[in-house]
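Chain by chain, the residues run as shown.
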Amino acid sequence: MTHADFTTGRRRFLVGAAAVAAGFELGCSKTEPVAAPAARSSKVVPLRVLLVGEKGDKDFISRGWQAVSEQGLEVNVLPLERADPSGIGDAFLAAAKKADVVIYPLALVGEAARSEAVVEMTTDEVKRIESKFGGLPPTARNGAARYGKSTYALPLGCTLPALIAQARLEPLDSWEDYDALVQGEWEGLAAEPTASGWAGTMFLWRSRNAKSWLFERKDLTPLIHTEPYVKSLELMLQTNSRYVEKDQTPDQIWARVGEGKLRGGIGFPERRSGPVVEMQLSALPGTVALSKVVLDPFAPVVSLSADCRQTSASKRFIEWMCGGEGSRSVRRQVAGMNDLRDGASWSGDSAPYDRWLAEQLQAPLIAPCPQLNDAMDYLMVLDQQIRRALVGDAAPQEALDVVAEKWTDLTSSSGVDEQIRAWRMAQGMRA
């Protein structure tokens, strides 16, 4: 063998060995892969993150990660329009196949799990994150970190609506008391979230203590048009008629109360980087020790994609998002995110709300959002019909009858048995 032949053969061997190592690194991996050295692979294969949310939030995540890691990051944004989330479920499932990590709305966890688009987290993985950054409060753990008896996602934010005011605010025993406050002391200078995309969720918050929640368990017959819900909507319409300002988002109400343009209302800050506001906070009317909590269906959660290429790097990123160095500044800037872990310290503009929220998230009982197949369609139908009623285009009973009819159609389209299993898992039961 000539020297040239030996050199060529050695070069081919080295190239082949590198290709094998890279192949192990790129393999989809529910078990730990054999990987090439991180310093080499991170430059060649960036971590792919799918963000279902607002385009501008991509930069906050990218900059925060780059400050603590040499691992490349590609953030793909799937825009989410809260007022019209139709089709977002299918688009999310398709885009998740090209991602390592996915950040997406709570309402889609059920679809993601049943479609095997995300990977179930092991008990050891959950405990490792808790040992590093603290445990989750009961509301976040039961309502956002569990689907069925498993953990498919971890919450990155669990904001709840607060009764807010400029002056001293006492807890209210009922929504009738709230209506009297709006009409009397506040003289209509108040608001609650009824903007497009928010009205349906506000109705769920008002109705959270209904004895039977949304559906019959045995056959998924909608209960949304029964007496407790109709009465809830009637009172919502009555109070809405008293407001000087309507069609507001929670963030707008939070800001306007802080500015003194409204005397009170129901709201919360969507981000932690807004202007300084001073106000009094209280739980929603009718809240008692065992009241159920309804989390925002659009609250952000994070999961490992079933089509991930880099398991170790993906898990490091998920851990970082949950509480790693520098991630707090990211959560303060991204819509819907906040500090959830034990031991979190609050400072800055939204500190009073965050301290209040930490107390509220100790509630153990959850009234789940519809984590069904086509979950966003269920939510959109509800929102559209509540808004029809608010503007006087439909009476409360008529609007909720339409919701029940359309929900029944959606259930039939997906399969009643399949949806019954999904609803059981949304309530923390086995399928």
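Up top is the structure.
Rules used in this analysis
Residues numbered from 1 in each chain as written. Predicted model: local features only at pLDDT ≥ 70, side-chain atom pairs only at ≥ 80, totals over all residues. Heavy atoms only, no water. Core = buried A, V, L, I, M, F, W, Y, C linked by side-chain atoms within 4.5 Å. Buried < 20%, exposed > 50% of the residue type's maximum accessible area, 1.4 Å probe, protein only. Helix = DSSP H or I, 4+ residues; strand = E, 2+ residues; numbered from the N terminus. Axes fitted to C-alpha atoms, helices over the stretch in contact; angles between N-to-C directions. Parallel < 35°, antiparallel > 145°, perpendicular 65-115°, else oblique. Contact = heavy atoms within 4.5 Å. Nonpolar A, V, L, I, M, F, W, Y, C, P; charged D, E, K, R; others polar. Arc of directions from axis to C-beta. Salt bridge = Lys/Arg side-chain N within 4 Å of Asp/Glu carboxyl O. Phe/Tyr/Trp six-rings, centres within 6.5 Å; stacked < 30°, edge-to-face > 60°. Lys NZ or Arg CZ within 6 Å of the ring centre and 35° of its normal. Pairing = 2+ DSSP bridges.

1. As for the nonpolar core
In this structure, Phe92, Tyr104, Ile224, Phe317 and Trp407 are the most contacted members of the largest nonpolar core, which totals 137 residues. Sort the elements by how many residues they give to this core and helix α15 (residues 375-390) lands first, with 9 residues.

2. Section: the packing of helix α3 (residues 57-66) against helix α12 (residues 311-323)
Pairs of packed helices are described in terms of their axes, by the angle between the two and the distance that separates them. Taken N-terminus to C-terminus, the directions of α3 and α12 make an angle of 105 degrees; their axes are 12 Å apart at the nearest point. Viewed along their axes, α3 and α12 adopt a mutual orientation that is roughly perpendicular. Facing α3, whose interface residues are Ile61, Gly64 and Trp65, α12 presents Arg316, Phe317 and Trp320. Taken together, the residues that form the contact of α3 with α12 break down as 4 nonpolar, 1 polar and 1 charged.

3. Here we look at helix α6 (residues 123-133)
For α6, the full list of buried residues reads Glu125, Val126 and Ile129. Angular distribution of buried residues about the axis of α6 spans 100 degrees; they occupy a single face of the element. Turned more than 90 degrees off the buried face of α6, the exposed positions are Thr123, Asp124, Lys127 and Ser131. Trailing α6 by a residue or two, Gly134 shows a phi angle of about 100 degrees, which is positive.

4. Describing the pattern of salt bridges
Pairs can form between side chains of opposite charge once their charged atoms are near each other. In total, this model carries 20 salt bridges according to the counting rule given. A salt bridge links Glu319 to Lys132, with the shortest nitrogen-to-oxygen separation between them at 2.8 Å. Placement of Glu319 in helix α12 and of Lys132 in helix α6 is noted, with a sequence separation of 187 residues between them. By relative accessible area, which is 9% here, Glu319 ends up buried. The partly exposed category is assigned to Lys132, whose relative accessible area is 49%. Across the salt bridge formed by Asp247 and Arg387, the nearest N and O atoms sit 3.2 Å from each other. A residue pair is termed long-range when its members are at least 10 positions apart, and Asp247 in the loop between α10 (227-240) and α11 (250-258) and Arg387 in helix α15 qualify at 140 residues. Classification of Asp247 as partly exposed rests on a relative accessible area of 45%. Linked by salt bridges that have partners in common, Arg48, Asp100 and Arg309 make up one network.

5. Digging into the packing of aromatic side chains
For the coordinates displayed, the defined rule picks out 16 aromatic pairs. Between Phe203 and Tyr229, the aromatic rings sit 6.4 Å apart at their centres with planes inclined by 50 degrees, giving tilted as the arrangement. Residue Phe203 is found in helix α9 (residues 199-206), and its partner Tyr229 is found in helix α10; the two are separated by 26 residues along the sequence. The same class applies to Phe203 as to Tyr229, namely buried. Plain terms: the ring middles of Phe317 and Trp320 are 5.8 Å apart, the flat faces sit at 40 degrees to each other, and that makes the pair tilted. Pair noted here: Phe317 and Trp320 are both in helix α12, with a separation of 3 residues, about one helical turn. With relative accessibility at 5%, the residue Trp320 sits in the buried group. Taken together, the aromatic side chains of Phe215, Tyr378, Trp407 and Trp423 make up a single cluster linked through ring pairs. Sitting above the plane of the Trp198 ring, Arg82 keeps its charged end 3.4 Å from the centroid.

6. Focus: unusual backbone geometry
Of note in this structure, Glu116 is not a glycine but carries a positive phi near 55 degrees. Note that Glu116 resides in the loop between α5 (109-114) and α6. The exposed category is assigned to Glu116, whose relative accessible area is 60%.

7. Description of the side chain of Asn240
Inspection of the secondary structure puts Asn240 in helix α10. According to the relative accessible area criterion, Asn240 is buried, its value standing at 5%.

8. Some details on the sheet that holds strand β5 (residues 162-165)
A sheet is described by the order of its strands in space; here 4 strands give the open sequence β6-β7-β5-β8, paired in mixed fashion. Two strands lie at the open edges of the sheet, namely β6 (190-191) and β8 (280-282), each paired on one side alone. Two elements, β5 and strand β7 (residues 264-267), share 4 bridges in a ladder whose sense is antiparallel. Each bridged residue has a counterpart across the sheet, and for Ala165 the counterpart in β7 is Gly264.

9. Focus on the sheet that holds strand β3 (residues 101-105)
Pairing is mixed across the open sheet formed by 5 strands, whose spatial order is β2-β1-β3-β9-β4. Two strands in the sheet have a free side with no partner beyond their single neighbour: β2 (73-79) and β4 (154-155). Sheet topology note: the β3/strand β9 (residues 300-304) ladder contains 5 bridges and is antiparallel. Bridge assignment links Val102 to a residue of β9, and that residue is Ser303. Across the sheet, α12 is in contact with β1 (47-53), β2, β3, β4 and β9; its angle to β9 comes to roughly 160 degrees.

By themselves, these figures tell us nothing about what the structure is for.
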